[in-house]
Amino acid sequence: MLTKRGLGSTLAILAAEGTDEEQTDGKVATEVITLLKQNKDKPFFLAIGFFRPHSPYVSPKKYFDMYPINNISLPVEPADDLNDIPDAAFFTKPADWGLSEEKRKEAIRGYYASISLINAQVGRILDALDQLKLADNTIIVL
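Predicted model, so just to flag it, every value in this text is computed and none were measured.

**Thoughts on the pairing of strand E1 (residues 13–16)**
1) Next: As defined by bridge partners, E1 adjoins strand E2 (residues 57–60) across 4 bridges and the pair is classed as parallel. Residue pairing for E2: Leu-14 is matched across the bridge by Val-58.
2) Next: The handedness of the E1 to E2 crossover, carried by helix H1 (residues 24–39), is right-handed.

This is how it looks when you write it as C-alpha cells:
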C-alpha cells in the first residue's frame, strides 16, 4: 500500500501471481464471452463493467513487467501549477499524495499495468465477437 487511507480511497498496487482469468476483470471477460456464446443467435444487450484501471492497481505481474520502473517518467509539475485551484477540487492534498518520486513511479507503473490488463480483456471479448461472427452486427461503446 502506498498511502494510508480507507480501503475505498487508498492508493495500492499489486503485481499478482497467476493468470488474467483469476483476476476480477478476467472473470468478467470470461462471463461476457459465455453470454455471447449463449445469445449469439438472438438480439442481446450487454453492459459490461470493469474494475480496473481504478485503484487498487492489481494486475498479473506480466503486465507490470511490460513497464520497467526505470522507463517510467514523471510528468512535469511546475511548483505553482495548482495554486489557482480551490481546495475543494482536490481529492487529496497534496495532489501527489505526498509520495516520493520512486513511489509515484510505482503508482504510474501500476496504473499502466492495469490499463494493459483491461486492454487484454477487451481484446478477448472482441476476439470472441469475431469468432462468433457477431462483430459486423454489434455496436460497442467504450
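**A few points about the side chain of Gln-121**
1) Next: For Gln-121, the position within the fold is in helix H3 (residues 101–131).
2) Next: Those residues in contact with Gln-121, other than ones at most four positions away along the chain, are Asp-20, Asp-25, Gly-26, Ala-29, Phe-50 and Tyr-63.

**Some details on the nonpolar core**
1) Next: Val-28, Ala-29, Val-32, Ile-33, Leu-36, Ile-125, Ala-128, Leu-129, Leu-132 and Leu-134 form the largest nonpolar core, which has 10 residues in total.
2) Next: Those elements giving two or more residues to this core turn out to be H1 and H3.
3) Next: What Ala-128 contacts, discounting residues up to four positions off in sequence, is Ile-33 and Leu-36.

**Brief notes about H3**
1) Next: Its 31 residues place the ends of H3 45 Å apart at the C-alpha level, agreeing with the 45 Å of an ideal helix rising 1.5 Å per residue.
2) Next: Following H3 by one or two positions, Lys-133 has its phi on the positive side, about 60°.

**What to know about the packing of aromatic side chains**
1) Next: Across all of its chains, the model carries 2 aromatic pairs by this definition.
2) Next: The interplanar angle of 55° and the centroid separation of 5.4 Å between the aromatic rings of Tyr-67 and Tyr-112 together place this pair among those described as tilted. Of the two residues, Tyr-67 sits in the loop between helix H2 (61–65) and H3 while Tyr-112 sits in helix H3, which places them 45 residues apart along the sequence.
3) Next: On the accessibility criterion, Tyr-67 (23% relative accessible area) is partly exposed.

**A look at H1**
1) Next: The first and last C-alpha atoms of H1 sit 23 Å apart over 16 residues, in line with the 22 Å expected at 1.5 Å per residue.
2) Next: Every buried residue belonging to H1 is among Asp-25, Gly-26, Val-28, Ala-29, Val-32, Ile-33, Leu-36 and Asn-39, and all of these are buried. Looking straight down H1, one finds its buried side chains confined to an arc of 160°; they lie on one side. Turned more than 90 degrees from where H1 packs its buried face, Lys-27, Lys-37 and Gln-38 sit exposed.
3) Next: Its buried side turned inward, H1 meets H3.

Criteria and cut-off values
- Residues numbered from 1 in each chain as written.
- Predicted model: local features only at pLDDT ≥ 70, side-chain atom pairs only at ≥ 80, totals over all residues.
- Heavy atoms only, no water.
- Pairing = 2+ DSSP bridges.
- Helix = DSSP H or I, 4+ residues; strand = E, 2+ residues; numbered from the N terminus.
- Right-handed = clockwise from strand over helix to strand, strands pointing away.
- Contact = heavy atoms within 4.5 Å.
- Core = buried A, V, L, I, M, F, W, Y, C linked by side-chain atoms within 4.5 Å.
- Buried < 20%, exposed > 50% of the residue type's maximum accessible area, 1.4 Å probe, protein only.
- Expected span 1.5 Å × (residues − 1).
- Phe/Tyr/Trp six-rings, centres within 6.5 Å; stacked < 30°, edge-to-face > 60°.
- Arc of directions from axis to C-beta.

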